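# Understanding the architecture of this molecule
Below are the chains, spelled out letter by letter.
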Amino acid sequence: MHPYLLLQIFGMIISLTFVIILFFKKSDKEQKFMISAFTCTLIYSYGIFTEYTAKTLLMGCMGIRMQYFGSCFLPIFIIIFTFHHCRVRLPKAVLITLLSLEIAVLVCAMTCNSNRLLYLKVSLNTNDELNHLDFVYGPAWYLHLCLNIIIALLISGVSIYRISKIPKNSWSQYYLLLFSCLIPDSGYLLFRFRLTGIYDLTPTLYLFVSFFLYYSIYRFQFFGLIDSARDEVVDNMSEALIIVDKRLNVIDNNSAARFIFPLLRSKKWDRVIEEGTLLYRLFTEKEMDEFEYEGHFYKRYLSELKSNGSNVLGYFIVISDITQTHNYVNELINARSSAQTANETKTRYLANASHELRTPMNAIVGFSDLILMNDPPENIKDYVHDINNAAHSLLAIINDILDISKIEAGKLEIHETEYNTEELLENVCSIIKLQAENKQLNFYSDIDGNLPSRLCGDVVHLRQIMINLLGNAVKYTDVGEVSIKISQAVKPVLEVNTVHLLIRISDTGVGIKEEDIPRLFNEFERIEENIVSASNEGSGLGLAITNNLVNMMGGELTVESVVGEGSVFTVVIPQAVIDPTSISDANAKVYASDDGIKSADAVRERSFYAPNAHILVTDDSLVNLKLITSILEGYQIKADTASSGQAALDLLHTRNYDIVFMDHMMPGMDGIMTTAAIRKMGFKDLTIIALTANAVIGAREMFLENGMNDFLSKPIDIARLEGLLLKYLPKHLVHYYEKAIDEKEAMTIDLRSMGLNIPGNSISTADGYNNCMKNIETYVNILETFLRTGRTGFAELESAISRKDYKKCLLISHTLKNSAFTIGALKTSTLAKEAEAALKAENIALFDLKSAPLIDAYQEVLNDLSAYFTYKKMKEEKISFNKPDIDPDILNSKLKDLMAQLRRMDSVLACETIDFLTDHS
């Protein structure tokens, strides 16, 4: 058999095989398309086979009809597929026109024996190889040829358009599609113009295209992803999707949308959304993001569909059913409301419990303090001291329980305020130093002088963290030392205007087993079974509270410990920087608590008396009235008392008081109600201090918001009471006890005895010595540095003033203000501060007035320092005359050794070498 006929038989077998295979595949658009394509190819090949084996003209025409059945519909399938894959919508008018014309050509082919539209003349040509028909083409054939050319152009155009809109790495599949779809048309044209002789390769090329499309769709999935996404994802998604054009004609929707809106299922409606319906409102009302419909709650997402020119073509909405979430949120809201009610009840209970527990504790602690202050006999003093310690321990447990209850209730809040770094650290160290000294322990503090002078954070809880950890260190250390080192933690990512405080607290105490460290922060759990004694009893809550506070402040707490050697607790807490000036350069050192009142552990020695002060104490407890009036008597203050709010109001009509101490919880009219009544009576400026056993966090804010000026918690801290009196009593009523000798004067005398005798009055050596952490070597070095740099600074200041270079003057004044204060040149520092303030305010006239006194004071400081160091040098040189000479070779060798020791930072050997050298002339 002729190879050409064998080729057609092979094509028919392949086409039929794929039709059968596809018939049993999953029914989808790809399957329907491929069955149609292979069927058309099968018919086309069979038509060719029939034509080339025909013995008569009638049989040959039958083959022609079959060929046109395949060649008319297969290009239509291919163009539909191409447009679909290129994501371009083929206009219905174009598709209908092409399909109508192809059907017209097919009709002409089916009636070719009875009309002359397709072929003007048909004849059967028989030879030794193959039979075939010869034609004289009619108008329908040329129409068919034009349709194939138009389809080829449309396929080329849409493929090129798609290629221009996608990245280069996706071009290959569209080039492949374009090439495959144009091959049959090229083969058909070559045959019709007799460039391939009598052999029509078009059906074989269509078979190739069909096979390629099949392989691509079902193996590489090049062309089926869009439809798969549409069918498998969009149509089956739980959210409803509705697409409309800009006239609100429904273009498309998915099954979820049809479930919510049954109208979308009907084929009878005209696809235009009626005005006033829910669907219309969903597309037109922008604020309708959530809505309820037939017992369900939905969330809507509305967006525009735009063309490349940003013209709005339509809209689509996605609707999610949020009924379950809505109900869950309502349940959470109800649960939260119930929890808030329970928390409020718990808070009220805690406040009442605090009051009830602290009221008797107030009497125990207060009267034991009074007894100790009156120097009782030794045997009585020991008993009272034990009572006082036990009362304070019980009070600490009460505080811990209240704090952990607030944490669990979520009511403990972080309140950030600005604070002075050095004041906080000095306050903490002074408290713990006293506790350490009571146990005969050494206490060391190492504070980085480069820490910013002012920070912002929760200073109350930060102090509590440090005191808790230091208190534990003292509690579990019987011999040795406790130390605290505070510096800046180095973070890999620097945060703007933030410093990470690195607090390292170490002790030489009992230590902790490694397996017990994870249990340290458990509530009500204590791990020191073998070391519990009367001296270290507690609630087991201190570290749990500390860990919670650290976490709430965004910090981190870690523990290292060795049994029998001690423990190290390390805390890293971020704080906002308010003033980056280092604490070593800060203007002042005022050690106070957060509210400017002396701490609870300050020395309990009365420093003043106020016999003419008028104070009213209101409390429903006679014990508390007796206690506070007894304490006030120590300051020669005779206080009036009232046992109720009404009694206090009656007394206010009889005399003017300087301070009213007001109990919070009283029967009938409580402290807050009484305060409100006092303010209504016109006593706007009267100082009212809450006297309360309510230590729940937030109480202070509550009292201030209700018209009180401050508060004093029970049990009464005598040092804090003294601080409140000093703060709120008129100054003319306060008289201070004279001291035998002023502390600063005594320190100055001591410094002179140590050789620090600076002539003149420009420098207060006592202040400078204190500013240098009471290290005389550091102070002398700083004085020497000030003299060396001050000579240059003085010349620069004089030059800047003469040139009226006020920017330079501002810079020098700022530097001089801090450095002069550090060495104790207080007058110079004050003048530099005033000059700086004038320049910052751009008050040049005021600066000109201040500049001359500043120059004189600066010169006086330099002269006094120069005289001191000249005398010091002469004295040292005189002493060196009595030292032995050193051999030049030994001197040279020692200096080389010293350089090598310094290069490798061997401080021990370097100090020994220096000592050897200074022992010689």
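Residues numbered from 1 in each chain as written. Predicted model: local features only at pLDDT ≥ 70, side-chain atom pairs only at ≥ 80, totals over all residues. Heavy atoms only, no water.

Before going further, it helps to spend a moment on the pairing of strand β4 (residues 250–253). Relative to β4, strand β3 (residues 240–245) is paired through three bridges, and the arrangement is antiparallel. Within the sheet, the bridge partner assigned to V244 lies in β4 and is V250. Linkage of β3 to β4, two consecutive antiparallel strands, is achieved through a turn of four residues, within which L248 is found at a positive phi near 65 degrees. (Pairing = 2+ DSSP bridges. Helix = DSSP H or I, 4+ residues; strand = E, 2+ residues; numbered from the N terminus.)

Under the criterion given, the structure shown has 13 salt bridges. Note that R281 and E285 form a salt bridge whose closest N and O atoms lie 3.3 Å from each other. Given the relative accessible area of 34%, E285 is considered partly exposed. The salt bridge involving K727 is made with D710; its shortest N-O contact spans 3.8 Å. Highlighted residues: K727 in helix α20 (residues 718–728) and D710 in strand β20 (residues 710–713), separated in sequence by 17 residues. The exposure class of K727 is partly exposed, given its relative accessible area of 40%. Overall, D710 belongs to the buried group, its relative accessible area being 2%. (Salt bridge = Lys/Arg side-chain N within 4 Å of Asp/Glu carboxyl O. Buried < 20%, exposed > 50% of the residue type's maximum accessible area, 1.4 Å probe, protein only.)

To summarise the sheet geometry, strands pair through backbone hydrogen bonds and adopt either a parallel or an antiparallel arrangement. Pairing is antiparallel in the open sheet, where five strands are placed in the order β4-β3-β7-β6-β5. For this open sheet the edge positions go to β4 and β5 (290–293), each flanked by a neighbour on one side alone. When the angles between neighbouring strand axes are averaged without regard to direction, this sheet yields 30 degrees. (Axes fitted to C-alpha atoms, helices over the stretch in contact; angles between N-to-C directions.)

This brings us to the side chain of T546. With respect to the helices and strands, the residue T546 is situated in helix α15 (residues 542–552). T546 gets classed as buried once you look at its relative accessible area, which sits at 0%. Excluding anything up to four places from it in sequence, T546 contacts I465, N468, L469 and L557. (Contact = heavy atoms within 4.5 Å.)

We now examine the sheet that holds strand β18 (residues 659–663). Reading across from one edge, β17-β16-β18-β19-β20 is the order of the five strands in this open sheet, with parallel pairing throughout. Edge positions in the sheet fall to β17 (640–642) and β20, since each of these pairs with one other strand and no more. Neighbour to neighbour, the strand axes of the sheet diverge by 20 degrees on average, direction disregarded. As paired strands, strand β16 (residues 615–618) and β17 are joined by three bridges and run parallel to one another. Note that in β17 the partner of V617 across the bridge is T641. The strands that helix α16 (residues 622–633) touches are β16, β17, β18 and β19 (687–692); relative to β16, the one it contacts most, it runs at about 160 degrees. Running at roughly 160 degrees to β20, α20 makes contact with β16, β18, β19 and β20 of the sheet.

For the structure shown, the criterion picks out three cavities of 30 Å³ or more. Taken as a whole, the second largest cavity holds about 40 Å³ of empty space. As for the second largest cavity, its lining consists of P75, I78, I151, I155, C181, P184, D185 and Y206. Residue assignment for the lining of the second largest cavity shows that the elements contributing at least two residues are α3 (57–85), α5 (139–164) and α6 (171–192). At three residues, the largest contribution of residues to the lining of the second largest cavity is made by α6. Taken together, the residues that form the lining of the second largest cavity break down as seven nonpolar, no polar and one charged. (1 Å grid on protein atoms, 1.4 Å probe; cavity = no way out; pocket = protein on both sides within 12 Å on 5 of 7 lines; lining within 4 Å. Points joined across faces, edges and corners; volume = space filled by probe spheres on them. Nonpolar A, V, L, I, M, F, W, Y, C, P; charged D, E, K, R; others polar.)

Moving on to the packing of aromatic side chains. All told, the structure shown has 14 aromatic pairs when counted by the stated rule. Considering the side-chain rings of Y137 and W141, the 3.9 Å spacing of their centres and the 20 degrees angle between planes classify their relative orientation as stacked. Assigned by exposure class, Y137 and W141 land together as buried. If you follow R720 out to its NZ or CZ, it ends over the ring of F711, 5.8 Å from the centre. Over the ring of F916 we find K894, and its NZ or CZ is 4.6 Å from the ring centre. (Phe/Tyr/Trp six-rings, centres within 6.5 Å; stacked < 30°, edge-to-face > 60°. Lys NZ or Arg CZ within 6 Å of the ring centre and 35° of its normal.)

As a further point, take a nonpolar patch on the surface. There is a patch of nonpolar side chains on the surface, built from L16, I20, F23 and F24 and spanning about 480 Å² of accessible area. Within the element layout of this structure, F24 appears in the loop between α1 (3–23) and α2 (29–52). (Patch = residues over 30% accessible without salt bridge, like charges linked within 9 Å, V, L, I, M, F, W, Y side chains within 5 Å. Areas by Shrake-Rupley, 256 points an atom, 1.4 Å probe, with all protein chains shown as cover.)

Moving on: the nonpolar core. Y52, Y68, I78, L118, Y119, W141 and I155 are the most contacted members of the largest nonpolar core, which totals 47 residues. The set of elements that each furnish at least two residues to this core consists of α1, α2, α3, α4 (92–110), β2 (131–137), α5, α6 and α7 (202–220). Residue contributions to this core peak at nine residues, all from α3. (Core = buried A, V, L, I, M, F, W, Y, C linked by side-chain atoms within 4.5 Å.)

Relative orientation and spacing of two packed helices are given, respectively, by the angle between their axes and the distance between those axes. At a minimum axis separation of 10 Å, helix α13 (residues 421–438) and helix α14 (residues 459–475) run at an interaxial angle of 25 degrees. Between α13 and α14, the crossing angle belongs to the class labelled roughly parallel. With respect to the hand of their crossing, α13 and α14 are arranged in right-handed fashion. Residues L424, L425, N427, V428, I431, I432, Q435 and A436 of α13 touch α14, and the partners they reach there are V459, L462, R463, M466, I467, L470, G471 and V474. (Parallel < 35°, antiparallel > 145°, perpendicular 65-115°, else oblique. Left-handed = near helix turned anticlockwise from the far one by under 90°.)

Our focus in this paragraph is the packing of α3 against α4. As a packed pair, α3 and α4 sit with axes 8 Å apart at the nearest point and diverge in direction by 170 degrees. Comparing the axis directions of α3 and α4 gives the class roughly antiparallel. Of the residues in α4, those in contact with R65, Y68, F69, C72, F73, I76, I79 and I80 of α3 are L95, L98, L99, E102, I103, V105, L106, A109 and M110.

Another aspect to go through is helix α23 (residues 776–803). Residues lying three or four places apart along an α-helix face the same way, a consequence of the helix completing one turn every 3.6 residues. Taking 1.5 Å as the rise per residue, α23 with 28 residues should run 40 Å; its terminal C-alpha atoms sit 39 Å apart, in good agreement. In α23, a bend of some 35 degrees at G790 exceeds every other bend along the element. Among the residues of α23, those classed as buried are Y779, V780, L783, F786, L787, G790, G793, F794, L797 and A800. Positive backbone phi, approximately 60 degrees, marks K804, located one or two places after α23. (Expected span 1.5 Å × (residues − 1). Bend = angle between axes of the 7 residues up to and from the residue.)

One non-glycine residue with positive phi stands out, namely L248, at about 65 degrees. Along the chain, L248 turns up in the loop between β3 and β4. Judged by relative accessible area, which is 11%, L248 ranks as buried. One non-glycine residue, E294, lies in positive phi territory at about 50 degrees.

What follows covers α1. If you check α1, its first and last C-alpha atoms are 30 Å apart, about what 21 residues at 1.5 Å a residue would give, namely 30 Å. Among all positions of α1, only Y4, L5, Q8, G11, M12, S15, F18, V19 and L22 are buried. Each buried residue of α1 sits inside an arc of 155 degrees when the element is viewed along its axis, so together they form one side. Exposed side chains of α1 directed beyond 90 degrees from the buried face belong to P3 and I13. (Arc of directions from axis to C-beta.)

Now for the confidence of the model for the chain. Looking at the chain as a whole, its pLDDT mean stands at 79, while 81% of the residues score no less than 70. Of all secondary-structure elements in the chain, the lowest mean pLDDT belongs to helix α8 (residues 225–234), at 56, while β16 reaches the highest, 94. Here residues 529–539 is modelled with pLDDT under 50, and outside its nearest four sequence neighbours on either side it reaches 16 contacts, counting other chains as well. (pLDDT = per-residue confidence, 0-100.)

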